There are 2 protein chains.
Amino acid sequence: MDSDFGVERELSDLQKHRSLYQPELPPCLQGTTIRVEFGDATTTADPSGAHSISRAFPHTYGQPLAHFLRATSQVPDAQIITEHPPIRVGVVFCGRQSPGGHNVIWGIYTALKLHNPNSILLGFLGGSEGLFAQKTLEITDDVLSTYKNQGGYDLLGRTKDQIKTTEQVNAALATCKALKLDGLVIIGGVTSNTDAAQLAETFAEAKCPTKVVGVPVTLNGDLKNQFVEANVGFDTICKVNSQLISNVCTDALSAEKYYYFIRLMGRKASHVALECTLQSHPNMVILGEEIASSKLTLFDLTKQICDAVQARAEQDKNHGVILLPEGIIESIPEVYALLQIETEKLLAHLVETEMNKRLKEGTYKGKKFNAICHFFGYQARGSLPSKFDCDYAYVLGHVSYHILAAGLNGYMATVTNLKSPLNKWRCGAAPISAMMTVKRYSRGPGISSIGKPAVHPAAVDLTGKAYELLRQNATKFLMDDVYRNPGPLQFDGPGADTKTVTLCVEDQDYMGRIKKLQEYLDKVRNIVKPGCSQDVLKAALSAMASVTDILSVISPSSTGSTPV
Amino acid sequence: MDSDFGVERELSDLQKHRSLYQPELPPCLQGTTIRVEFGDATTTADPSGAHSISRAFPHTYGQPLAHFLRATSQVPDAQIITEHPPIRVGVVFCGRQSPGGHNVIWGIYTALKLHNPNSILLGFLGGSEGLFAQKTLEITDDVLSTYKNQGGYDLLGRTKDQIKTTEQVNAALATCKALKLDGLVIIGGVTSNTDAAQLAETFAEAKCPTKVVGVPVTLNGDLKNQFVEANVGFDTICKVNSQLISNVCTDALSAEKYYYFIRLMGRKASHVALECTLQSHPNMVILGEEIASSKLTLFDLTKQICDAVQARAEQDKNHGVILLPEGIIESIPEVYALLQIETEKLLAHLVETEMNKRLKEGTYKGKKFNAICHFFGYQARGSLPSKFDCDYAYVLGHVSYHILAAGLNGYMATVTNLKSPLNKWRCGAAPISAMMTVKRYSRGPGISSIGKPAVHPAAVDLTGKAYELLRQNATKFLMDDVYRNPGPLQFDGPGADTKTVTLCVEDQDYMGRIKKLQEYLDKVRNIVKPGCSQDVLKAALSAMASVTDILSVISPSSTGSTPV
């Protein structure tokens, strides 16, 4: 089996063309000399969990953010990493394949060899199983040649999704020691990055010199937090699915007699469904987060769709397209037991029954309701990655190397300001433990237990800008058939450089702002040096007092985090 | 409802870019002067049906082929159409939408206005229903602007698929008379073109001056015969589906634990499945034609798949991709009654049961068999058309105009030599009745009845070159995972100008050869004119005698076509 991995293979014309594409690097990563600037010690977004997390990660919690800067940039405290001894790095795909994953490996490899040609990159074969069993493939130019900018995880493969049990963690530790790895890069989503943090902590505890780095690669797009704006693969998945959804919209508009119920992959969060809706403008989308927040029953949901069908029929529209994320059924408590039913078929059936009833009663006067069900699943996951995902993954690969070169452990590679052109991207690293939260579970009246600290999947933010955009357009989408067809994924010309709507409307760049804040604080310190005038000092004190007052009021208190 | 049709709409960047694409015309259609050369009277491919067809189509059977040539070409008998009075033409989408349909309309419109700006093109709204009800939209530059090179049939819509009953035919006749149409262009597949031929005959009989033209537009790709090499939409559908199939192949190779059963649209013939297999190299495909010809039972089919799974497991391969055309279940007599079951799920279930049995018995030693089912249906139909389909449809639109300008009735527009570059394409027209066959149905011992003459869907030719290519590669595809990923449909750069494998390997250009033959016969006639030497005459007689002998032997006899 292993002999199949990394084998040079025949590529189609388009694949060959793509394999020759060379992603650029943002200015901060160009050249061989990079500066690292460290920020303040990190905390967590939810202070109530900070204590539990700090107890679980004594060696890796509270580390500072790191920003990678051009060698020429004028930052007083930044360190220049000048020593680049040969290092040995392992890399492993964890969890579900996501378009662009190969480019992370290519990025690490390029950075590694650029700084020291004697460095070695080992890929673990068959995912975490290969990590436990010490099955590796040395990454070389030849191995990479037909995998650059290509989809899938077939360069290395993947099997099991977790590194969680004591046995698994010990096996990983044994491998890293046996192979004398200086670094281990884990490519994956929320679960895999939680595992990466745990490994980092265990390795530190065991005085194993291997540093662990996580890379946010998951097509679900749910590894989002103040430090991470987007995940590798999400852009591609949304583009491929939006193409198909908009094709179905065109179909609906041509035939004018069908309602299409389209189920999209994604269990816990509805990011893909939201983004695809913003790209292709189907008539309706139902997000798991909406159901959970407004406690909709299956009956409510059916009624909502039926009312929409009826309203459209009154305008002589007897067709439509409705998106359903796979996970919505899980959000409806009453049907937990029915999980084996396909969501789209269940809903289509319930709507059909209700529409027939209304037709009989005479409350609905439109044409007979016809539903066609579709599941858009595995056909997007193996796609050639979009230009954005190629670039983002490649840059993350480089960042991973610099994290290791800086000797950091338990960090995730971050690239921010992604909605701007690549030459404005900011590269950095954040401790994975700073992205963790702790869940509280009610176990009856007055009794609750708390879960293990983990990087949890981010739900769609129902107060966020992307969702607001959807709400603003919901009626127009529902009634006016303003279907938008972004067309098939392009690599040249119009459409090739578009980014997800979510990324573009969200006002993120948290890492950029944290850095900016630090600059302001430094400026105040510089201006108000001992020896400055009494007036300047008074003004500074007064201004800073009101700033701290305001911030104290609006910040969530951390006093609630009593140890359990 | 009607007010929605032809409305200018907002296009995505890629759609805008595509709407500016201007297909070229082959040399024979350039300029305003076109010559028409008529060939010999046509017969049908199956001589046994010729008599029935000639009886059913007394006014339109046996008409000659027509070839459109450059005004400057040196063909003695060709006519130049110099008169281009203003004409009124109607156009209607019949049957299922197929990518590229809009460009046929654009082509007709451009040719019409080029030859006489006072000509009028009327589009029927809502398909044949609009034709019966005289609901039209005048096609103008404004109407076309956002529909050029775009997918779907939403410029005009479509509803019912047929023009068959006496009532329907009379309604169509009344419309053409009321609107004073000189021509009616019917865009569709086998059924719609059969209807077009019937309308042409009825109109001729009724002395209605409207000439009827058919255009081969169907994504099934089953309107194939000696005159028609390809159908508008087939190229796009196969490219979109091949992209998705190859994505699933990449997925299978990355995860290494699933068998994907993918059902493709297409009831009667398996052209799409064959072409997609040649483009994306999945492990296995089962064609309806294979099942029908070798009378495979469901048990045979299950065993065949199970043996393949077992053979792969012996090489440590526990994943795979299997394509199933929608129609294969209909080809298996024993399960006619089970038609409500989805093909891919039925087969996946049967294979799983058998593999579990083998596992228990110890004859299969691989991993537990896991199937994932997919249906690739409506998501391809609404796609932006490929460059090939845009070009082909646009040229067919022009040809349709020239057929009407030449006063021909009951013809289909043809463009041949399609596998060569566009500047070598040949344009012509063939009587639709020449593409018809008559089916014989057995009604018990010694009793048979014959069906109505019709253009029947062409099955995949199991003796043809495309199928041969599949057979040659079947073992490699099955065992070696030589998956090929043509990538998403591109409009620029590598892959943008590829044509279907089927088209490229098939050695068609029947129309070109018929013309070449005529040239040879003319040459002989010219060389052996009365007054030539006795020796030349003797040589010609001897050579032609042996030619006719050979042809008589290899041609199917037409003596069997006794009138019924």
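It should be emphasised that the depicted structure is a prediction, and the values quoted were computed from it without experimental measurement.

Draft legend 1. Quick peek at the side chain of Asn231 of chain B. Residues and elements named next belong to chain B. Within the secondary structure, Asn231 sits in the loop between β8 (211-216) and α8 (234-255). The class for Asn231 is buried, based on a relative accessible area of 2%. Among the polar contacts listed, one links the side chain of Asn231 to the backbone oxygen of Leu223, at a separation of 2.8 Å. Setting aside its immediate chain neighbours within four residues, Asn231 contacts Pro216, Thr218, Gly221, Asp222, Leu223, Asp389 and Tyr392.

Draft legend 2. Representation of the relation of the copies chain A and chain B within the structure. The transform that puts chain A on chain B rotates by 180 degrees and translates by 0.0 Å along the axis, for an RMSD of 0.1 Å. The operation mapping one copy onto its partner corresponds to a two-fold rotation axis. Of the interface residues in chain A, 100% have counterparts in chain B that sit at the interface too, so the contact is made through matching surfaces.

Draft legend 3. Summary view of the domain arrangement of chain A. Residues and elements named next belong to chain A. Each assigned domain of chain A is listed here: domain 1 (13-29 + 86-232 + 385-426), domain 2 (234-378 + 460-505) and domain 3 (510-548). Across the contact, 24 residues belong to domain 1 and 18 residues belong to domain 2. Overall, the association of domain 1 and domain 2 removes approximately 1700 Å² of surface from exposure, summing both partners, and the carbon and sulfur fraction of that is 60%. Contact with domain 2 buries area across many residues of domain 1, yet Leu219, Lys387 and Lys419 alone supply 30% of it, more than any other trio. There are one salt bridge connecting domain 1 and domain 2. A salt bridge links Asp497 to Lys387, with the nearest nitrogen and oxygen atoms 3.1 Å apart. Our enumeration of links across domain 1 and domain 2 arrives at nine residue pairs in polar contact (both at pLDDT 80 or more). At the level of secondary structure, the elements contributing two or more residues to the side of domain 1 that touches domain 2 comprise α1 (13-19) and α15 (387-405). When grouped by side-chain class, the residues that make up the side of domain 1 that touches domain 2 number 10 nonpolar, seven polar and seven charged.

Draft legend 4. The arrangement of helix α9 (residues 271-280) of chain A in detail. Residue and element names in this part refer to chain A. Within α9, 10 of the 10 residues are buried, which leaves the element mostly enclosed by the surrounding structure. Within α9, the full set of buried residues consists of His271, Val272, Ala273, Leu274, Glu275, Cys276, Thr277, Leu278, Gln279 and Ser280. Lining the buried residues of α9 we find α8 (234-255), β9 (259-264), β10 (284-285), β11 (320-325), α16 (465-480) and α17 (501-505). His281 sits one or two residues past α9 and shows a positive phi near 55 degrees.

Draft legend 5. The arrangement of the interface of chain A and chain B in detail. Contacts between chain A and chain B engage 55 residues on the former and 55 residues on the latter. In total, chain A and chain B occlude about 4700 Å² of area from one another, counting both sides; carbon and sulfur atoms represent 52% of this. Our count for the contact surface shared by chain A and chain B stands at four salt bridges. Among the salt bridges present, the one from Lys345 of chain A reaches Glu342 of chain B, with a minimum N-O distance of 3.3 Å. Every element with two or more residues in the side of chain A that touches chain B is listed here: α1, α8, β12 (371-376) and α14 (378-381) of chain A. Looking at the side of chain A that touches chain B residue by residue, the classes come out as 21 nonpolar, 21 polar and 13 charged.

Draft legend 6. Geometry of helix α3 (residues 101-115) of chain A. Residue and element names in this part refer to chain A. A rise of 1.5 Å per residue sets the reference length of α3, with its 15 residues, at 21 Å; its end C-alpha atoms lie 22 Å apart and thus fit the reference within 8%. Of all 15 residues making up α3, 12 are buried, and the element is well covered by its neighbours. Listed as buried for α3 are Gly101, His102, Asn103, Val104, Ile105, Trp106, Gly107, Ile108, Tyr109, Ala111, Leu112 and His115. On its buried face, α3 is in contact with β4 (88-93), β5 (120-124), α5 (141-144), β7 (183-188), β8 (211-216) and α15.

Draft legend 7. A look at the sheet that holds strand β7 (residues 183-188) of chain B. All names here are of chain B. Pairing is mixed in the open sheet, where 10 strands are placed in the order β3-β1-β2-β14-β13-β8-β7-β4-β5-β6. Among the strands making up the open sheet, the edge pair consists of β3 (79-80) and β6 (136-138). Summarising the sheet, strand β1 (residues 34-41) and β3 pair through two bridges and their orientation is antiparallel. Among the inter-strand pairings, Val36 is bridged to a residue of β3, identified as Gln79. Contacts from helix α3 (residues 101-115) reach β4 (88-93), β5 (120-124), β7 and β8, with the element oriented near 175 degrees to β4. Together, β1, β2 (64-70), β13 (411-416) and β14 (426-431) form the strand contacts of helix α18 (residues 510-527), whose direction differs from that of β2 by roughly 90 degrees.

Draft legend 8. Representation of the side chain of Glu229 of chain B. All names here are of chain B. Here Glu229 lies in the loop between β8 and α8. Reaching out from Glu229, the side chain makes a polar contact with the backbone nitrogen of Asn417 at a distance of 2.8 Å. Of note is the side chain of Glu229, whose polar atom sits 3.0 Å from the backbone nitrogen of Leu418.

Draft legend 9. Seen up close, the pattern of salt bridges. The full count for this structure, using the stated rule, is 42 salt bridges over all chains. In this structure, Lys224 of chain A and Glu506 of chain A form a salt bridge, with 3.1 Å as the shortest nitrogen-oxygen distance. Of this pair, Lys224 of chain A sits in the loop between β8 and α8 while Glu506 of chain A is found in the loop between α17 and α18 (510-527), placing the two residues 282 residues apart along the sequence. Of the two residues examined, Lys224 of chain A and Glu506 of chain A, each falls in the buried class. With a shortest N-O distance of 2.8 Å, Asp481 of chain A and Arg312 of chain A are connected by a salt bridge. Of this pair, Asp481 of chain A sits in the loop between α16 and α17 while Arg312 of chain A sits in helix α11 (residues 298-313); the two residues are 169 residues apart in sequence, bridging distant segments of the chain. Within the structure, one salt-bridge network assembled from shared partners comprises Arg263, Glu326, Glu342, Glu344 and Lys345 of chain A together with Arg263, Glu326, Glu342, Glu344 and Lys345 of chain B.

Draft legend 10. Region of interest: the packing of aromatic side chains. Per the stated rule, a full pass over the model turns up 22 aromatic pairs over all chains. Counting every residue linked through ring pairs, the aromatic cluster contains Tyr258 and Tyr260 of chain A together with Phe375 and Tyr378 of chain B. Here Arg9 of chain A stacks its cationic end above the ring of Tyr147 of chain A, 3.8 Å away from the centre of that ring. In this structure, Arg18 of chain A packs its charged tip against the face of Tyr21 of chain A, placed 4.5 Å from the ring centre.

What counts, and where the lines are drawn
Residues numbered from 1 in each chain as written. Chains lettered and ligands numbered in written order. Predicted model: local features only at pLDDT ≥ 70, side-chain atom pairs only at ≥ 80, totals over all residues. Heavy atoms only, no water. Helix = DSSP H or I, 4+ residues; strand = E, 2+ residues; numbered from the N terminus. Buried < 20%, exposed > 50% of the residue type's maximum accessible area, 1.4 Å probe, protein only. Polar contact = N/O pair within 3.5 Å; in protein donor to acceptor, adjacent residues only side chain to side chain. Contact = heavy atoms within 4.5 Å. Least-squares fit on C-alpha atoms with pLDDT ≥ 70 in both. Domains from an automatic or database assignment. Buried area = accessible area lost by both parts, 1.4 Å probe. Salt bridge = Lys/Arg side-chain N within 4 Å of Asp/Glu carboxyl O. Nonpolar A, V, L, I, M, F, W, Y, C, P; charged D, E, K, R; others polar. Expected span 1.5 Å × (residues − 1). Pairing = 2+ DSSP bridges. Axes fitted to C-alpha atoms, helices over the stretch in contact; angles between N-to-C directions. Phe/Tyr/Trp six-rings, centres within 6.5 Å; stacked < 30°, edge-to-face > 60°. Lys NZ or Arg CZ within 6 Å of the ring centre and 35° of its normal.

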